[in-house]
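The residues making up each chain are set out below.
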Amino acid sequence: MSRKYFKLILACILGLLFQTQQLWANAVSNSTAHTPQSFCVDSIMNNVYFYAPFYKTAITEYDADLYIKTKLNILRKNLFIRYLPSMFRPKHGMRKYIIETYNDLHYKAPDIYDQKIKAITGTTPKLKGASGNVLKYFHINIYSDALIKDKLISPLSRHARKYYNYEIERIDKGVGGHLEFTIKFTPKNKSYQLVRGHMIVSDKVWSIREIHFFGRTEYISVNWRIQMGEVGRPDEFLPKNYHIDATMRFLWNKIKGSYEAVMRYDDIKQKELCELKPKKRNYDLTEYYSLQYQDTVNKKERDFDKYRMLPLRSSEEQLYEEFYKLSDSLEIKKLDQTSQKKSTAFWGELGDFLLNKNTLNLYEVGTIRFSPIINPFLFSYSGKDGLRYKHKIKYNRLFRGDRVLRVTPTFGYNFKWREFYWKVHSDFNYWPQKRTGIELNVGRGNRIYSSEVLDDLKGQTDTIDFNQFNLNYFKNLYVDFMHTWEVSNGLNVDIGISGNKRESPKSSLPDTIANQVEERFKGRYVSVAPRVRISWTPGQYYYMNGKRKINLHSEYPTFTIDWERSIKGFLSATGAHERLEVDVQHKIPLSMMRTFYYRLGGGKFTNQEQIYFVDFVYFAKNNLPEGWNDDIGGTFQILDRRWYNASQWYLRGNMVYEAPFLLLPHIRKYTRSVINERIYINALLMNQMHPYIELGYGIGTHIFDLGLFVSNANWKNTSLGFKITFELFNR
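Residues numbered from 1 in each chain as written. Predicted model: local features only at pLDDT ≥ 70, side-chain atom pairs only at ≥ 80, totals over all residues. Heavy atoms only, no water.

(A) Just a nonpolar patch on the surface, in detail. A cluster of nonpolar side chains, namely Tyr430, Trp431, Ile438, Leu440, Val479, Phe481, Trp485 and Val487, defines an oily patch on the protein surface of about 680 Å² accessible area. Where the nonpolar patch is concerned, the elements lending two or more residues are β18 (419-431), β19 (436-448) and β20 (474-484). Secondary-structure assignment places tyrosine 430 in strand β18. (Patch = residues over 30% accessible without salt bridge, like charges linked within 9 Å, V, L, I, M, F, W, Y side chains within 5 Å. Areas by Shrake-Rupley, 256 points an atom, 1.4 Å probe, with all protein chains shown as cover. Salt bridge = Lys/Arg side-chain N within 4 Å of Asp/Glu carboxyl O. Helix = DSSP H or I, 4+ residues; strand = E, 2+ residues; numbered from the N terminus.)

(B) Local environment of unusual backbone geometry. In this structure, the amide linkage connecting histidine 690 to the following residue, proline 691, adopts the cis form with an omega of -5°. Mapping proline 691 onto the fold places it in strand β31 (residues 689-700). Positive phi, close to 70°, is recorded for serine 572, a residue that is not glycine. The residue serine 572 is located in the loop between β26 (558-566) and β27 (577-589) in this model. Taking the relative accessible area as the measure of exposure, serine 572 reaches 58% and is therefore exposed. (Buried < 20%, exposed > 50% of the residue type's maximum accessible area, 1.4 Å probe, protein only.)

(C) Fine view of the sheet that holds strand β11 (residues 239-250). Spatially, 10 strands are ordered β3-β2-β1-β12-β11-β10-β9-β8-β7-β6 in an open sheet, and the strand pairing comes out antiparallel. Two strands in the sheet have a free side with no partner beyond their single neighbour: β3 (112-122) and β6 (164-173). Neighbour-to-neighbour, the strand axes of the sheet open up by a mean angle of 20°, direction not taken into account. Here strand β9 (residues 208-217) runs beside strand β10 (residues 220-228); their pairing, made up of eight bridges, is antiparallel. Residue pairing across strands places glycine 215 opposite valine 222, the latter belonging to β10. Against the sheet, helix α2 (residues 41-56) contacts β6, β7 (179-187) and β8 (196-202), and its axis sits at roughly 95° relative to β6. (Pairing = 2+ DSSP bridges. Axes fitted to C-alpha atoms, helices over the stretch in contact; angles between N-to-C directions. Contact = heavy atoms within 4.5 Å.)

(D) A look at the pattern of salt bridges. Scanning all chains against the criterion turns up 23 salt bridges. Across the pair arginine 308 and aspartate 305 runs a salt bridge whose closest N-O atoms are separated by 2.7 Å. Residue arginine 308 is classed as buried on the basis of its relative accessible area of 18%. In this structure, arginine 533 and aspartate 494 form a salt bridge, with 3.0 Å as the shortest nitrogen-oxygen distance. Residue arginine 533 is found in strand β23 (residues 524-536), and its partner aspartate 494 is found in strand β22 (residues 491-503); the two are separated by 39 residues along the sequence. Of the residues examined, arginine 533 reaches a relative accessible area of 15% and is grouped as buried. A relative accessible area of 6% means that aspartate 494 is categorised as buried. By sharing partners, the salt bridges in this structure join Asp480, Arg531, Asp562, Glu564, Arg579 and Glu581 into a single network.

(E) Fine view of the pairing of β27. Examined bridge by bridge, β26 and β27 share nine bridges and lie antiparallel to one another. Directly across from tryptophan 563, in β27, lies its bridge partner leucine 580. Here β27 pairs with strand β28 (residues 595-606) via 12 bridges, running antiparallel. Bridging across to β28, histidine 586 finds its partner in tyrosine 598. Here β27 hands over to β28 after five residues, with methionine 592 in that stretch at a positive phi of 55°.

(F) The arrangement of empty space enclosed by the protein in detail. Tallied over the entire structure, the rule returns four cavities of 30 Å³ or more. Of the voids in this model, the largest cavity is the one considered here, and its volume is about 150 Å³. The residue inventory of the lining of the largest cavity, partitioned by class, reads 12 nonpolar, two polar and one charged. (1 Å grid on protein atoms, 1.4 Å probe; cavity = no way out; pocket = protein on both sides within 12 Å on 5 of 7 lines; lining within 4 Å. Points joined across faces, edges and corners; volume = space filled by probe spheres on them. Nonpolar A, V, L, I, M, F, W, Y, C, P; charged D, E, K, R; others polar.)

(G) Structural view of the packing of aromatic side chains. Using the criterion set out here, one finds 32 aromatic pairs in the structure. Taken together, a centroid distance of 5.2 Å and an interplanar angle of 40° make the contact between tyrosine 680 and phenylalanine 709 tilted. Note that tyrosine 680 is positioned in strand β30 (residues 676-686) and phenylalanine 709 in strand β32 (residues 704-713), a separation of 29 residues in sequence. Taken together, Phe605, Phe616, Phe619, Phe636, Tyr644, Tyr650 and Tyr692 form an aromatic cluster joined through their ring pairs. Across from the ring centre of tyrosine 192, 4.5 Å away, lies the NZ or CZ of arginine 216, which sits over that ring. The ring centre of tyrosine 542 lies 4.4 Å from the NZ or CZ of lysine 549, which sits over that ring. (Phe/Tyr/Trp six-rings, centres within 6.5 Å; stacked < 30°, edge-to-face > 60°. Lys NZ or Arg CZ within 6 Å of the ring centre and 35° of its normal.)

This is how it looks when you write it as structure tokens:
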């Protein structure tokens, strides 16, 4: 279609919309009595649905002053209160606290918020600003499909009509003669992804003046009241005032929080008409991620009056007075502190260390972060593998030139198999602009048997009883050293060496077979293999943080080819093998909190003349893909762990579809806490498996993920299984 005809059609559409608005305005002006019965709520909401996508992206950038006043009231507490993210240790005898912060806020479309605290005061220990879990409540675009990303479905979304009922409650005259409709919205089903409340809509422009809604996220139930700017003003599509009442309930702890916020805008940039034209895609998003502010926090109460945008109430002034009195009394007690009290303080600090999330900033050494050591949410359980515990520690060190050293030890224990496992991943980017550096991985791999056992398995059917072969002979220690290089955006070429040392102590073998395997298993095998890994992600979005290139996401899949070849005698290698694997992973975000994932791959071991070990990289137990929303999808859940080493080749496919509403009716009290449902499809082809298929159904809640699976091997053998992982505070 030529540009001339396109402009003509566009002019006709705009003219038709203008005439429709005029007819509506005339009908409104000719009406003598404005009652809810005089208007059709569906017509009003159709206009809201139509304009919401435009208003969502109308603001491209702004600077603002943000003042937040927080009040906390601890109604009930116990030891588990320390598991709440960013929760301080309450002082003895104090139940009520107040915190005030003054922030500089810079926003850039589509969803980049740079918020820095400029001044803070309050009565909490170790003054800190609101955590990220709270700040997201002040970063709401009410015209988006989700009020809080991936958590609450907005009643303004064009897909919302199938989730919400609407009703006109009242009609008022607004500023500039606009009619303002108060519209009540209620969810059609009981679900924690849906909210209830009301909003005030201005006619003619169909933008929102105010919205009240109640919803739940994680362990918190929240009431929001958001006041928007007036019609025709630069802040028409932006929030001016927030009032949030939140109640946190967690393991018999109960805390009430009240948050009041005021936004004052300094510079608002709106999208120009010319920006509606399609542009050539730019994958460099540095300008959107450029931080504008530095942390220079003022913590002096006497200087905070000039930042305070809301006056203190008498009850709030009393909280400060009681805090100062208690602080003075504590200073006096410190002068006469006994060794017993020092011991008590030590054990209190030790308790914080074991039960709280910790970040250690070591001067000129780096930063260490780790979750609470004693944390029930680091456990997972499955019918096949039993109870498992896993813990991760992160160490980061930033050097001159934005070069970064990262070291991530991970360790855990499987209670069913009585195995302790560990691994350490480390990388150092010496050329951060090109994501070029060295990578070292060391760890204890899964127990494995050699290729000679495969000859015994070839004659078996799909009813193999692995126990008769006593296969868990060899323990595995692996070392991978790689040089990584992003040749061009999204294309990575990694070259290095992969080494394994596998041992089978004779003392660990049963006496009945020890003599039979003495010649067959020498007890120790070493493999050293040059390795090449090439991965390509087309359309890779990224931004530059100083000199560091930070990769974000892509609309296309990631393709990976991984090859290695071990040569007997090379660096003391006792055997030879060749491995080639291909892997494809893709995460496709859909509308309304729906996501589709898929993973395809295959691999083969060649050079089978000598003893080797079938140990694939992308088809291995506990090899979980990154970027998926749970620790269940993307891998096989019922497949026996010994099948991973039973074939020289494999072809696999894994798919997950995730959506808020699939099978559950969401009308019962005990199912409304389900935030996502998932359909799993896993398929595998290998020796003795033609095919192996797993079908699963899962639910995701704020506390745990649960998956139920049924599997079938060769269309004959069927089995059932499940897996549960704890997810609280991890979403």
